[in-house]
Structures are given as C-alpha cells and as structure tokens.
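# Topology and contacts: notes
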Amino acid sequence: MKKSTVKTWLASSTAAAMVMLSGISSGYATEIKGAAFDAETLKSAEQTVNESWTRSTPEERKRLVQDYSNKVCSAYKDKPTPELAAKIKQFNKELINYPQEGIKLGDWKNGAKLARSGYGMRIGKIHPDTGKKPNGGNCYACHALDPNEPAAGNLGPKLTGYGARGTSEPIMKYTYEKIYNAHAFYACSGMPRFGVHNVLTSKQIADIMAYLMDPKSPVNQKLKMMQNLNRNPY
Amino acid sequence: MNKLVKLVILGVLGSSLAISAQAEEPSVKDYRAMLEDSPGEFWVDDGKELFHAKAGPKNVSLEKCDLGKGPGVVEGVYAELPRYFKDTDQVMDLESRLMHCMITLQGKDKDTIIKNAFSNPKKGKDSEMEKIVAYVAAQSNGYKFNLTLSHPKEMASYKTGEALFWRRSGTMDFSCATCHAADGKRIRLQTLYNAYNDKTTIPSWPTYRVSKSTVRTMQNRMWDCHWQMRLPDVDFGSKATIDLITFMTKESNGGEIQVPSIKR
C-alpha cells in the first residue's frame, strides 16, 4: 500500500488520534509488514466495510471504526509479534480509568445478575436493545463461575473459586483492570473491553468483582452434589 | 405427515426445547427423527410456486433468472454460489443474485425487497425471499459445495472475506473469529461452528429455526451475528456479507448440501 493512502486512511479514524495520544507514533503502516493479511486485502476489507452499512446512521457506523489495538489484532489474526503484543498492552493500559472512590467490592447479588445478563448495546432498526434494562457483563457466555450453574460457555477459562486469590490490593487492582480492559494484560484477548466501551460502569464492575471475590458468593461455594457426597456415611 | 400434525409436534418441540435449554443442548437429530422431513419443506413448496409465478410491475416470473448455469437453471446452482457474474461484474451469493433478478426482470423495488427479506412470525410478517431461497437451495440437495475461485474477483472475495472474518470492532471488540475459529467452543451451551474445520454447517443453510418458527437464510445469519456483535444492521446482500459467505462456503467445499435443515 502507498504511504499516502495509509496516512489518509488512518487520519480518518479515531485510531490515529489514540495512537498519538498514547505515544505510539510509529503509525500503522510499519505494523502490517509481516501481518497475516497483505496490505491490498486489508485495504479491500476497509473499502468493503465502507460500502456495506449504507443504511445505518453515521452515529451507528462509528461502531465499525477500529482503534490501534483492534486494527493490529485483526491484521495478525489475533497473534501479534511479541513487540506488537507489548505495544498493544501498553496502549490498552493507558485506556483504563479508575473509580474516584477507589477499587472496592460491591454487592455480589447484583453482580450475579450482571454476570448472567447479555443485555445491552445492540443497535439497528431490526431489533435494537431499548436501554430500559442495565447493560450486562455476560460473563457466563464465556466463563464457568458458580459451580452449580451448568449453562456456562468455554471461550474463557473457568473462574470458579476465584475468591481463593483473596482480596489483597494487587488482586483487587488486577481484577478491576482485567474487567475494565482485558487487553491490557493479554494482547488480542477474546474478552470484551467492558470499561473502555462504557458497557459496564465502575459501580457495576465493583458488583461483579464481589461476585468473583466475596467468600459468600456462589462462585466460591462447593458443588452441591459434592457436599451431598460428603454427607454420605459411606 | 400432514401439515397440522407437523405443526402440533413443532409446538411441543419448541416448548420442550425452551425448558431443556438450561440442562443439556437438545439433540436436534432426535427431534428430527420424529419428523419425516424438515418443516422447511413447506417453504420449499411455497418457494417453488413463487419462483414460477408472474410478479412485480413487469408481471414476469423468475424463470429467466440466471443463477450461474444459464437462465432458468436451478438444479445444482447453489453448490457453486457465491460466484462471479459477468453482467454485474460482481461476485454474488444466492440472495443478492435473486434480488438482482427481482429488480431487473420483475421490476421490483430494491428497498421493498430488502425491507421484506426477513420474516417475523411473531408479527405475522412473511418473507417471499426466504421461501424462494429455500426452494432454489434445495435443488442442490445431494450436491457438494464446489467453489473454484477461478475468477480473480472470486479469489479477491474469498481473501477479503477472510480479512473481514478476523476484523474486530464494536463495543464488544468481537470478530467472527472470536467465536468461530476453534473446535469445541461454546457460548453458554450453544455450540459454535469452526469455520476452518467444518463441512456440514454451511451446507445445512437455509435452515428451519424451531426457536423462530421460520426458515432462516445465510443473509439473515450474517445480520444476526453482526447484531450480536453490537454492530449496526449490515446491508442485505452487501459486499461484506457476500465476501464472508464466499470465505465460509469455500472452507466448506466438499460438504454435501442438505437443506432446509432443522435447528434450535
């Protein structure tokens, strides 16, 4: 791809602004050398995106714009080089905002609801979410949590018994940051960046953290069947 | 089996699926054995009538529609779609090609076709497109998908389709690959198909969706997954949908078409 084309392409997206803000100024052109797709194919994909959502509003189409992180991950099929992975993690670290009241555990009962709910952020004319209910975190789509909840996906690791890690300051901070922006720890993670995109508020994150970490939370209880077995005199 | 009996069975099926959804992924194969064939057969029958009926401002049928093997040929065409069409100088899938024929041959209005492309049984909204697609696709039953990508635009469509498949965006940072590029993955209890290792899923579309009480097409699935990704409604028959379908279908080459299938 010609350098000038790359420049105008980048300038038109918010990614450019973010790249500069975070001090990663080498731009995107050098990043895609050695990517999984050639420059021509990546350009064709962008043109295709531009012509395939003509019936959506400009506001809706903003969702299709990629930031630096998503752009590099896409070009590398989620397997960036170690150098790029480090840049992506740094880029994402800088996107994390912290709650003014400090990182605290909230209400695990509300966290349990949020972990189950996949509601929110769907748009379009056909079947948009109305915004009448709070957004969910949908953790169960990808993670096993409560050992007595069989309807759990497996895109992410099991989080059952997460509370065993305790509630020390580093663990609290890690858990908050991980939910806010998983890509700050794992470049090109399959986990959504819930804080970055304002899907979850810091209060909701505190509730979900309590669901993971509060000793009373079902996530940190034993499998019921096992308890019954324990009571078995044999 | 007559239509009424089938619909009663489907009603029972639908509600038992809803109840058991929590426990274990229901085996559609078990239910399928209860039925002689997919209820989607009604859509095929209706689609056949619609295909041959005079319609639109020009009052002609779709019998002159060239789906890749010459005007009027329906047998085996689906096994080679998406493909390049000289008259439009574009790669087209079955649905965008049918839309093209409805516009050029029958004089139908594009916006109206798109507005009515997806049925909504809950609101009593019917779709002729879903029926015609079911009919044409079923005329390739027993055929194996065979995309050759011999035209440069077909190859470009495949490559672009794969890049789109990995393109992450939206408030969930998803790409199709987040969910469909590994074996044995599930969202909750729903099994996710792996586009890189599957010869049965794409050849099972269009499909009768028990949970939706209607036949759904691949264009509808493209809309649905983009919607789940929290992206705006992708245009019906757009290049993004066609390129994605070219990519997924090519990966399914050799898979035998059996449609309409029946799914959750």
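Preceding this paragraph is the structure being described.
Definitions and limits used
Residues numbered from 1 in each chain as written. Chains lettered and ligands numbered in written order. Predicted model: local features only at pLDDT ≥ 70, side-chain atom pairs only at ≥ 80, totals over all residues. Heavy atoms only, no water. Helix = DSSP H or I, 4+ residues; strand = E, 2+ residues; numbered from the N terminus. Contact = heavy atoms within 4.5 Å. Polar contact = N/O pair within 3.5 Å; in protein donor to acceptor, adjacent residues only side chain to side chain. Phe/Tyr/Trp six-rings, centres within 6.5 Å; stacked < 30°, edge-to-face > 60°. Buried < 20%, exposed > 50% of the residue type's maximum accessible area, 1.4 Å probe, protein only. 1 Å grid on protein atoms, 1.4 Å probe; cavity = no way out; pocket = protein on both sides within 12 Å on 5 of 7 lines; lining within 4 Å. Points joined across faces, edges and corners; volume = space filled by probe spheres on them. Axes fitted to C-alpha atoms, helices over the stretch in contact; angles between N-to-C directions. Parallel < 35°, antiparallel > 145°, perpendicular 65-115°, else oblique. Nonpolar A, V, L, I, M, F, W, Y, C, P; charged D, E, K, R; others polar. Salt bridge = Lys/Arg side-chain N within 4 Å of Asp/Glu carboxyl O. Core = buried A, V, L, I, M, F, W, Y, C linked by side-chain atoms within 4.5 Å. Domains from an automatic or database assignment.

A word on the environment of Asn253(B). All names here are of chain B. Here asparagine 253 lies in the loop between α10 (239-251) and β7 (261-263). C-alpha of asparagine 253 to C-alpha of lysine 239: the two residues are 14 residues apart in sequence and 21 Å apart in space. Dropping the residues within four chain positions of it, asparagine 253 is found in contact with Phe145, Asn146, Leu147 and Lys199. A polar contact is formed between the side chain of asparagine 253 and the backbone nitrogen of leucine 147, at a distance of 2.8 Å.

As enumerated under the stated definition, the model contains 15 aromatic pairs over all chains in all. Centroid distance Tyr68(A) to Phe91(A): 5.5 Å. Interplanar angle 45 degrees. Geometry classified as tilted. Pair noted here: Tyr68(A) is in helix α5 (residues 68-75) and Phe91(A) is in helix α6 (residues 82-93), with a separation of 23 residues, a long-range link. With relative accessibility at 1%, the residue Phe91(A) sits in the buried group. An angle of 45 degrees between the planes, with centres 6.3 Å apart, marks the rings of Phe118(B) and Trp223(B) as tilted. A residue pair is termed long-range when its members are at least 10 positions apart, and Phe118(B) in the loop between α5 (110-115) and α6 (128-138) and Trp223(B) in helix α9 (residues 218-228) qualify at 105 residues.

Next up on the list: the layout of surface pockets. Its boundaries defined by the atoms lining it, the second largest pocket holds a volume of some 560 Å³. Lining the second largest pocket are 24 residues, and of these Glu51(A), Gln90(B), Val91(B), Lys239(B) and Ile242(B) sit closest to its centre. Top element by residues in the lining of the second largest pocket is helix α4 (residues 94-104) of chain B. It accounts for 4 residues.

The interhelical angle for the contact between helix α3 (residues 39-52) of chain A and helix α7 (residues 152-165) of chain B, taken along N-to-C directions, is 75 degrees, at an axis separation of 9 Å. When the axes of α3(A) and α7(B) are compared, the pair comes out roughly perpendicular. Residues Thr41(A), Ser44(A), Ala45(A), Thr48(A) and Val49(A) of α3(A) form the contact with α7(B), whose participating residues are Lys159(B), Thr160(B), Ala163(B) and Leu164(B). Here the contact of α3(A) with α7(B) is composed, by residue class, of 4 nonpolar, 4 polar and 1 charged.

Opposite charge on two side chains allows them to pair when their charged atoms are near. The final tally for this structure, using the stated rule, is 23 salt bridges over all chains. For Arg116(A), the salt bridge identified is with Glu149(A), shortest N-O distance 3.2 Å. Here the residue Arg116(A) occupies a position in helix α7 (residues 108-116), and Glu149(A) occupies one in the loop between α8 (139-142) and α9 (169-180), the gap between them amounting to 33 residues. Its salt-bridge partner being Arg221(B), residue Asp224(B) comes within 3.6 Å of it at the nearest N-O pair. Of this pair, Asp224(B) and Arg221(B) both sit in helix α9, 3 residues apart, roughly one helical turn. One network of salt bridges, in which partners are shared, links Asp67(A), Arg193(A) and Asp173(B).

Judged by nonpolar contacts, the single largest core of 118 residues is most densely connected at Leu94(B), Val136(B), Phe165(B) and Met248(B). For this core, the domains that each give at least three residues are domain 1 (3-93) and domain 2 (108-230) of chain A. Residues contacting Met248(B), with those up to four places away along its chain left out, are Phe165(B), Tyr193(B), Ile202(B), Met218(B) and Met222(B).

That's the geometry; what it means functionally is another story.
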